[in-house]
Amino acid sequence: MNKVSKIFNPQSKILCHLNKVENYFNNNNPDPITIEIDPSNACNHSCPFCISGHLHLKEFKGGKHFNRTMLDPKIFKKLSRTLVKMNINAINWTGGGEPTLHPNLKENIEYISNNSNIEMGMFSNGSNLKRFKLFETVINCLSWIRVSLDFGNENNYNSFRKTNKANDFRTVLENIKELSELKKKKQSKLTIGVGFVITKDNYNEIDEFCEIFKNIDIDYCQFKPEIIQIERIEKINKQKEQHSKKFWIEEIEEKLSKAERILGNKFQSNSYKMEDLVFDPIKFGRNYKECLGSQFQPCIGADGKIYVCTNHRGHEEFAYGNLYEKNFDEIWNDIKKKNSIMYKINYEQKFSKCTELCKPHESNKMLWKLKKEFYISKNLNEIKSKAKHLTKDIEHENFI
């Protein structure tokens, strides 16, 4: 679990963008490095561990955050036209819900690809690639796609995700294989990954999962721990608690070692999350005082609101503004509004309304160190000189 990943390494990726970081520390407002965009809050699967389940799972229906909306097509088009004019490094098409359900996703991806140098990647359940004729678009326009599978057993996959014949286990596997074949045919550099979120319901299927993908021509299999998001904790009226240290050490560590033996170079793990769960089960590595990472990777929700990060989607108090009222660049450059929200998170709430091990968590660790260093030297020149060596093997550096 201690293997350093070339793909999943947010701290090193921040070091690839020190010019923007230094610009921010000098009280400027650089454009984001990575933007997370949710085209849809609707999803054709019902994963119980989804970090955005409060938006679309039936158990949350009637709750204040429940909202299965999709981004309005006109607003979506307007957003794409705005982004290509900005200095954005990368876009993650994500959710919310399932991004491929939006009927205008294809045209917006192709527009951004044809009119900018913005890199793009996608998180998807992989069930709709054939249905919406997305294979060519993914191959031609994206740097990577990661399909969330999370099970090695067909029956359990279909049961937990509540699928039908149009979006079930076999459909997804067929789509992954077809995408892989097209990649070879087109001699594409697209990175194809498959994800496994480790939970107490599926961890015994890690071996089966590995046996399936050791013989399928994909680039990697990613393993990461389930994170109990704050909405689920509040719903069951319990104090914040992630799975125990004992679970990760006694049940998971050996399974991941075996997974690496089976998969070889295809094996990828978000080991930094495991380490925080195991070695710091109280603070989970949150030793920084400010959420700086969110200032480089905001989330655009399917409801049109610009959220601090993906973990706050659906929460009005953490929205900088609304695309139905202003363009993204206008909202992003409203520094007064952004600062007021971040002051609340950092100094009033002190992360009490934040999920542990959140999306900006790892970049926050590095940025907090860099901020302290910057206040001493007033520049990051020395770090910049070292960063080229530290980041030379990093892949997909624009996707934090």
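Scroll up a little and you will see the structure.
Source: prediction; values computed, not measured.

Here we look at the overall build of the protein chain
Logical step 1: In terms of helices and strands, the protein chain carries 16 helices and 10 strands.
Logical step 2: Against the globule reference of 21 Å for 400 residues, the protein chain gives a C-alpha radius of gyration of 20 Å, in line with a compact fold.
Logical step 3: Taking the principal axes of the C-alpha coordinates as reference, the protein chain spans close to 55 × 50 × 45 Å.
Logical step 4: Taking all 400 residues of the protein chain together, 60% fall into the buried category.
Logical step 5: Excluding contacts between residues fewer than 6 apart, the proportion of contacts in the protein chain whose partners are at least 24 apart in sequence is 76%.
Logical step 6: Accessible surface, the protein chain: about 17900 Å² in total, of which carbon and sulfur atoms supply 46%.
Logical step 7: Of the side-chain charges in the protein chain, 64 are positive and 52 negative, and the distance between the mean point of each set is 2 Å.

Comments concerning the nonpolar core
If you look at soluble globular proteins, the nonpolar side chains tend to sit buried side by side.
Logical step 1: Counting residues in hydrophobic clusters, the biggest one holds 100 residues, and the most contacted among them are Leu 83, Trp 93, Ile 198, Phe 213, Phe 223 and Phe 328.
Logical step 2: Excluding residues that lie within four positions of it along the chain, Ile 198 makes contacts with Tyr 203, Ile 206, Phe 223, Lys 224, Pro 225, Glu 226, Trp 248, Ile 252, Leu 256 and Met 274.

Section: the side chain of Gln 229
Logical step 1: Its location among the elements puts Gln 229 in the loop between strand S6 (220-225) and helix H10 (230-235).
Logical step 2: Here the side chain of Gln 229 touches Cys 50 through a polar contact of 2.8 Å, landing on its backbone oxygen.
Logical step 3: Discounting residues that sit within four places of it in the chain, Gln 229 has contacts with Cys 50, Ile 51, Ser 52, Gly 53 and Thr 355.

Concerning the packing of helix H2 (residues 18-25) against helix H16 (residues 381-390)
Logical step 1: Taken N-terminus to C-terminus, the directions of H2 and H16 make an angle of 160°; their axes are 11 Å apart at the nearest point. By the angle between their axes, H2 is roughly antiparallel relative to H16. Note that H2 runs across H16; the crossing there is right-handed. Facing Leu 18, Asn 19 and Glu 22 of H2, the residues of H16 in contact are Ile 383, Lys 384 and Ala 387.
Logical step 2: Residues of the contact of H2 with H16, tallied by class, amount to three nonpolar, one polar and two charged.

Here's the deal with the pattern of salt bridges
Close approach of charged atoms allows side chains with opposite charge to pair.
Logical step 1: Per the stated rule, a full pass over the model turns up 22 salt bridges.
Logical step 2: A salt bridge links Arg 161 to Asp 150, with the shortest nitrogen-to-oxygen separation between them at 2.5 Å. Here the residue Arg 161 occupies a position in helix H7 (residues 154-161), and Asp 150 occupies one in the loop between strand S4 (144-148) and H7, the gap between them amounting to 11 residues.
Logical step 3: Given the relative accessible area of 1%, Arg 161 is considered buried.
Logical step 4: Residue Lys 258 pairs with Asp 207 through a salt bridge whose shortest N-O separation is 2.9 Å.

Calculation rules
- Residues numbered from 1 in each chain as written.
- Predicted model: local features only at pLDDT ≥ 70, side-chain atom pairs only at ≥ 80, totals over all residues.
- Heavy atoms only, no water.
- Helix = DSSP H or I, 4+ residues; strand = E, 2+ residues; numbered from the N terminus.
- Rg over C-alpha atoms; globule rule 2.2 N^0.38 Å.
- Buried < 20%, exposed > 50% of the residue type's maximum accessible area, 1.4 Å probe, protein only.
- Contact = heavy atoms within 4.5 Å.
- Areas by Shrake-Rupley, 256 points an atom, 1.4 Å probe, with all protein chains shown as cover.
- Lys, Arg positive; Asp, Glu negative; His and termini not counted.
- Charge placed at Lys NZ, Arg CZ, Asp CG, Glu CD.
- Core = buried A, V, L, I, M, F, W, Y, C linked by side-chain atoms within 4.5 Å.
- Polar contact = N/O pair within 3.5 Å; in protein donor to acceptor, adjacent residues only side chain to side chain.
- Axes fitted to C-alpha atoms, helices over the stretch in contact; angles between N-to-C directions.
- Parallel < 35°, antiparallel > 145°, perpendicular 65-115°, else oblique.
- Left-handed = near helix turned anticlockwise from the far one by under 90°.
- Nonpolar A, V, L, I, M, F, W, Y, C, P; charged D, E, K, R; others polar.
- Salt bridge = Lys/Arg side-chain N within 4 Å of Asp/Glu carboxyl O.

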